[in-house]
Amino acid sequence: MEAGKWMYRLAKELFPIGRSLTGKGVRESLQILQREIPELEICEVPSGEEVFDWTVPKEWEIMQGYIEDEDGRRVVDYADCNLHVVGYSVPVDRYVELEELLTYIHVEEGQPDVVPYVTSYYVPRYGFCMTKNQRDALKPGKYHMVIKSRLFDGVLNYAELYLPGKSDKEVLLSTYICHPSMANNELSGPVLAVQLVRWLKTMDRNLSYRLVIVPETIGSIAYLSRNLSVMKRNVIAGFVLSCVGDDRTYSYIETRNGGTLADRVMQNVLHFEFPEYKRYSFLERGSDERQYNAPGVDLPVCGFCRSKYAEYPEYHTSADDMSLISPEGLQGAFDVMQQVIMALEYNKYYKIACLCEPQLGKRGLYPTVSRKGIYDEVKKLTNFIAYADGEKDLLEISNIIRVPIKELLGNIDKLLEKGLLEEESAFGE
Amino acid sequence: MEAGKWMYRLAKELFPIGRSLTGKGVRESLQILQREIPELEICEVPSGEEVFDWTVPKEWEIMQGYIEDEDGRRVVDYADCNLHVVGYSVPVDRYVELEELLTYIHVEEGQPDVVPYVTSYYVPRYGFCMTKNQRDALKPGKYHMVIKSRLFDGVLNYAELYLPGKSDKEVLLSTYICHPSMANNELSGPVLAVQLVRWLKTMDRNLSYRLVIVPETIGSIAYLSRNLSVMKRNVIAGFVLSCVGDDRTYSYIETRNGGTLADRVMQNVLHFEFPEYKRYSFLERGSDERQYNAPGVDLPVCGFCRSKYAEYPEYHTSADDMSLISPEGLQGAFDVMQQVIMALEYNKYYKIACLCEPQLGKRGLYPTVSRKGIYDEVKKLTNFIAYADGEKDLLEISNIIRVPIKELLGNIDKLLEKGLLEEESAFGE
Amino acid sequence: MEAGKWMYRLAKELFPIGRSLTGKGVRESLQILQREIPELEICEVPSGEEVFDWTVPKEWEIMQGYIEDEDGRRVVDYADCNLHVVGYSVPVDRYVELEELLTYIHVEEGQPDVVPYVTSYYVPRYGFCMTKNQRDALKPGKYHMVIKSRLFDGVLNYAELYLPGKSDKEVLLSTYICHPSMANNELSGPVLAVQLVRWLKTMDRNLSYRLVIVPETIGSIAYLSRNLSVMKRNVIAGFVLSCVGDDRTYSYIETRNGGTLADRVMQNVLHFEFPEYKRYSFLERGSDERQYNAPGVDLPVCGFCRSKYAEYPEYHTSADDMSLISPEGLQGAFDVMQQVIMALEYNKYYKIACLCEPQLGKRGLYPTVSRKGIYDEVKKLTNFIAYADGEKDLLEISNIIRVPIKELLGNIDKLLEKGLLEEESAFGE
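Cut-off values and rules
- Residues numbered from 1 in each chain as written.
- Chains lettered and ligands numbered in written order.
- Predicted model: local features only at pLDDT ≥ 70, side-chain atom pairs only at ≥ 80, totals over all residues.
- Heavy atoms only, no water.
- Salt bridge = Lys/Arg side-chain N within 4 Å of Asp/Glu carboxyl O.
- Buried < 20%, exposed > 50% of the residue type's maximum accessible area, 1.4 Å probe, protein only.
- Least-squares fit on C-alpha atoms with pLDDT ≥ 70 in both.
- Phe/Tyr/Trp six-rings, centres within 6.5 Å; stacked < 30°, edge-to-face > 60°.
- Helix = DSSP H or I, 4+ residues; strand = E, 2+ residues; numbered from the N terminus.
- Lys NZ or Arg CZ within 6 Å of the ring centre and 35° of its normal.
- Domains from an automatic or database assignment.
- Contact = heavy atoms within 4.5 Å.
- Buried area = accessible area lost by both parts, 1.4 Å probe.
- Nonpolar A, V, L, I, M, F, W, Y, C, P; charged D, E, K, R; others polar.
- Pairing = 2+ DSSP bridges.
- Axes fitted to C-alpha atoms, helices over the stretch in contact; angles between N-to-C directions.
- Polar contact = N/O pair within 3.5 Å; in protein donor to acceptor, adjacent residues only side chain to side chain.

Quick word on the pattern of salt bridges
Residues and elements named next belong to chain A.
Step number 1: The final tally for this structure, using the stated rule, is 101 salt bridges over all chains.
Step number 2: Here R35 makes a salt bridge to E36, at a shortest N to O gap of 2.8 Å.
Step number 3: Since its relative accessible area comes to 46%, R35 is described here as partly exposed.

Overview of the relation of the copies chain C and chain B
Step number 1: By a simple turn and slide, chain C fits onto chain B: the slide is 0.1 Å along the axis, the RMSD is 0.1 Å, and the turn is 120°. Such values leave the two copies arranged in the relation of a three-fold axis. No C-alpha of chain C approaches the rotation axis more nearly than that of G259(C), which lies at 13 Å.

Some remarks on the packing of aromatic side chains
Residues and elements named next belong to chain A.
Step number 1: Applying the stated criterion across every chain, the model contains 38 aromatic pairs over all chains.
Step number 2: Arranged with centres 6.5 Å apart and planes meeting at 45°, the rings of Y252 and Y277 form a pair that is tilted. Linking Y252 in strand β14 (residues 251-253) with Y277 in the loop between α7 (261-273) and β15 (278-280), this pair joins segments that are 25 residues apart in sequence. No difference in accessibility class separates Y252 from Y277, as the two residues are buried.
Step number 3: Each residue in the set W54, W60, Y88, Y121 and Y122 is aromatic and connected to the rest through ring pairs, giving one cluster.
Step number 4: The positively charged end of R150 is found above the aromatic ring belonging to F152, 3.9 Å away from the centroid.

Some details on the domain arrangement of chain A
Residues and elements named next belong to chain A.
Step number 1: Structurally, chain A comprises domain 1 (2-57 + 155-345), domain 2 (60-152) and domain 3 (348-425).
Step number 2: Placing a centre on the C-alpha atoms of domain 1 and another on those of domain 3 gives a separation of 35 Å.
Step number 3: Contact with domain 1, which involves 10 residues of that partner, is made by 12 residues of domain 3.
Step number 4: Summing the contributions of domain 1 and of domain 3, the shared interface buries around 860 Å²; its carbon and sulfur component is 59%.
Step number 5: Of all residues in domain 1, R264, N268 and F272 give up the largest surface area on contact with domain 3, accounting jointly for 57% of the area buried on that side.
Step number 6: At the surface where domain 1 touches domain 3, the tally comes to two salt bridges.
Step number 7: Notably, a salt bridge pairs D393 with R264, separated by 2.7 Å at the nearest N-O pair.
Step number 8: Where the side of domain 1 that touches domain 3 is concerned, the elements lending two or more residues are α7 and α9 (327-346).
Step number 9: Looking at the side of domain 1 that touches domain 3 element by element, the count peaks at six residues for α7.
Step number 10: Looking at the side of domain 1 that touches domain 3, its residues break down into five nonpolar, two polar and three charged.

Examining the environment of Y315(A)
Step number 1: By secondary structure assignment, the location of Y315(A) is in the loop between β16 (301-305) and α9.
Step number 2: Note: C-alpha distance between Y315(A) and C243(A) (72 residues apart in sequence) is 9.3 Å.

A closer look at the sheet that holds strand β18 (residues 389-393) of chain B
Residues and elements named next belong to chain B.
Step number 1: Spatial strand order, β18-β17-β19: three strands in an open sheet with antiparallel pairing. Unpaired on one side and paired on the other, β18 and β19 (421-425) mark the two borders of the sheet. The mean inter-strand angle of the sheet, taken between neighbouring strand axes irrespective of direction, is 25°.
Step number 2: When strand β17 (residues 348-352) meets β19, the two strands line up antiparallel, connected through five bridges. Bridged to K351 within β19 is E422.

Details of the sheet that holds strand β10 (residues 155-163) of chain A
Residues and elements named next belong to chain A.
Step number 1: An order of β1-β10-β12-β11-β13-β16-β14-β15 is seen for the eight strands of this open sheet, with the pairing classed as mixed. Unpaired on one side and paired on the other, β1 (41-46) and β15 mark the two borders of the sheet. Averaged over all pairs of adjacent strands, the angle between their axes in this sheet comes to 20°, without regard to strand direction.
Step number 2: Of the strand pairs in this sheet, β14 and β15 are connected by three bridges, and their pairing is parallel. Paired with I253 across the strands is Y280, a residue of β15.
Step number 3: The sheet strands contacting α7 are β13 (235-241), β14, β15 and β16, and the helix crosses β13 at an angle near 60°.

So, the interface of chain B and chain A
Step number 1: Of the residues lining the interface, 26 residues belong to chain B; the matching set on chain A comes to 32 residues.
Step number 2: In this structure, K362(B) and D53(A) form a salt bridge, with 3.7 Å as the shortest nitrogen-oxygen distance.
Step number 3: Applying the counting criterion to the chain B and chain A interface returns 12 residue pairs in polar contact (both at pLDDT 80 or more).
Step number 4: Listed by contribution, the elements that provide at least two residues to the side of chain B that touches chain A are α10 (379-387), β18 and α11 (394-401) of chain B.
Step number 5: Looking at the side of chain B that touches chain A residue by residue, the classes come out as 12 nonpolar, five polar and nine charged.

Focus: the environment of V155(A)
Residue and element names in this part refer to chain A.
Step number 1: By the element assignment, V155 lies in strand β10.
Step number 2: In this structure, the C-alpha to C-alpha distance between V155 and R363, residues 208 residues apart in sequence, is 64 Å.
Step number 3: When residues no more than four places from it in sequence are discounted, the contact partners of V155 are T22, R27, E44, V45, P46, S47 and E59.

As structure tokens, this is what we get:
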């Protein structure tokens, strides 16, 4: 639980910052992450740069945003809650009657107490968000709408980090940073990613690791436009980490065509760890797995969540706050991802080094009295041996013999040590 | 419904004609169809010609057929109903006692009010068919059995029509004409085929179309013996149209090994159009799909029915009359086959023309305010794009994203027009 | 039932003999089998010989084994039941108090009336087995433990027999002989194997047959170490016969990866013969299929049982006696294995010799009057013909058309005789 508590504290520190697709909120957040893992590099892409079919938008800065009534009372104020202003709002300073004001107000009709999260990145607009109850309480009269903001040629920021291992083959960990004060659907991903890197740095790694923290969609597109060819060469599995901090279920979003190493390891670990986990088709994608799996990009990247984005009631509202996530929730996600990574690190083709079954007894690996029932005890070992034929990788063997990979690693070490096992890379190196 | 009514009227005109495997009834029927589509060519195969393992039978002509009782009352008369005489009966003129008469009489024991349809094409026989009630009412006494018919070296007739399209690759539409007055299991197929051709003639066709109207079994064998090599080269999908006029279910009979383009398009269209449709294995085949799928012939031809032959109570009885089929029933089958043909016309490999997702917003294809729920609206489009990877044909994409092909055609046109989509033939041309 | 009775009588004769992994009990048993099939060759492997990862153990001889109480009453005696002494016990002659005696006693705690079967082949030990009730009745006091036995450099025996057929391709029948007085889990296998050979000798065989009767595990390993390369070249399917004499279910243990000819034929025959049969994964293996399927050995050998070893309550106890098996039980297993062998003998690629359906009527193979219902009668034949495309072996056709192979053999013979069918070996010869 130490890791869970550490991640929760970090998320708490990041929570109040007003982030958007671009701007100082993102920069400030990335710098805090960089403080924890100094190897993290913060990069810039200038506004106006073409990235595949897209253009990097202008940088957005907001100084102030509120609605005042005739009595000068602030109905909503960006200073209180950064969800109150529609993301990327252009400036406004107008007095309007209630009827017109309402056309600029967004609420969540079905959840009267929450402020929805709304943006308009690519079409100049302004607007305000509030609770349904707030809106319904507005009385006829004049209102003053004020947004002091600017859109200017600046930069889009993202962060990356590369941890080399014995092999060039790499695992991609991708998460996003572009939402204002939201906990599960924003901060849980980056804090888990940072914690994973802290752990990976202590390991003797077989594989290399690439961490990517980007504003969603435009950020991953920009990142891919700069790094696609090396990633196509090296990435063997990737995971978009999103909404990984609550205590509810675990979820996994398949890659476009399914069946990649990323799918296989995620299914294997979640199956044993939490058999009731939810498996979503790529039709229900929504985060940066959309870009990583796009035709021609074709990276084996799946999504990992606890409650999946767009599937829990607090999603994209002010209710997605620090009370929705917990140290336990973050710790659970960290435990799963550690198992995922260990499974990838150990995923090889293993082949038993003798013909017929080896005589385990003479090596102290088998009970020496034969009687009813006693065979069950060594079944995990003998089943692993029976399927270690050099043609199935560890994931496949684990699935066939129905034993979690974490329970096989000890046996693999013993067999390797006694010369009873040969191993071969599963990545064609 | 115009098409449905038109087909029904045509079937009504054809109903009274006394057809058999060969003879003037078939010729007269084909001439009526030719009146509607003058391109239809009526062909002849002479009696005695060897067609694969078979020999074309003699032509059968029947002038008269009845049973009279001692008082000269006609018990049954071919003139009243052409099912009363066993098809291909040889001549007879005999006085017999009831006991012997009964050995020449066929009834449908389980359906006391219907006259069964019975034939004996390849062994010389004579016989009469009547209702069970008629037979059971026969009193002891002498009866006069009269059949004036002849079997002579004539011809077997069939009709064919070829509608060229941009590609040589062709779709086969096959139906049969060899039963006397039966509506669903005879006339529904030819009238649907003729209506499809009338519609196809108005289209700018990507594919070519071959219509074949033959006496069942011997006709398709004779046709294949003359046309097999061109059909093996060009037919990409074929459909035996049979029993397509009633109002009950839709059915489809798989090709021998399944999985052909014909199977895939039929499954796709029926799945969306009528999810409760019945899918029959090739083990339940019964019409000319038997020949088209025979080993060595191996054409991708499946069967399409509403109530499948041999599965509805009126099948092969006098109850399969004009009241069993309807304009609505025929129209429904026409609608399905139109969708089948459109799906084949548009079935290509599509590939999105940029890396990562295209920016739909700048092309007016995407909502510009981002908020909870709004993504559903464009899901059909974005899902099509996500799977347009140049490796799946349109049928596969439709199945994956669970959208009927007819709802995708508009999007495909828009994307092609905006240069966002590349297309490639799915037929290896 | 003649065969069943014959097998039962032979098992009864073998039952009292005190067998173990090695020794005169095995030799005596094999000689009795050799009396029935003189071609059976009894072979020797010397103690100490290395066979793959194993070493052939010393030969074990037991002259006497009992426990006496203070009054000289024998508590248990090997002479009464050869399960009373732990297999491969080293000699002992000691007086001990009850407390110590109990540490040498094995019982089946859950079944108070049976003597368990216990061995210690590879670690020198001694011990006694008795019923739980016997043990619980023992009173405090001194006991005399006596085992007169010796372990010496001798031989391990096994028997083999090769029956040549037209093809070098062979079927392996393997069973074991190494347990003392147990009926189902010992003698049912050898007597079935011997009966199958007696039947096979009378047949005009397409395939060759190899019978192997070995002490379990070490015997099959020793056999494979001498015969692996010829077996890898020729064995197309093999069956470990074990526990085939009771009257309960039929069971089959899959090969390691499934899908071999052995799996396919076993599934096909059992599916039609006894649809409720039990199919066990290779994870539940336990007999010599473990060695035949080991990585690198890779022979297509599955297990065949009625009640599977380790799955029935009498297994490895004194309750597995002659009352557990029956002539009917043995006969049933013989019938299944006969069907398995016939299916293998006839398993070829068949191809119909004409294009389109053949005209069966002119060959007397089809009813000549066509009417509702009549087609069902010839469906087995026409369905076989429809799928005889030269690309599916007989097993696959049988599965597709859902007709047991034994019901197809007559039709195949007729079609071959009439020149309507071509056949091709399914074994790549």
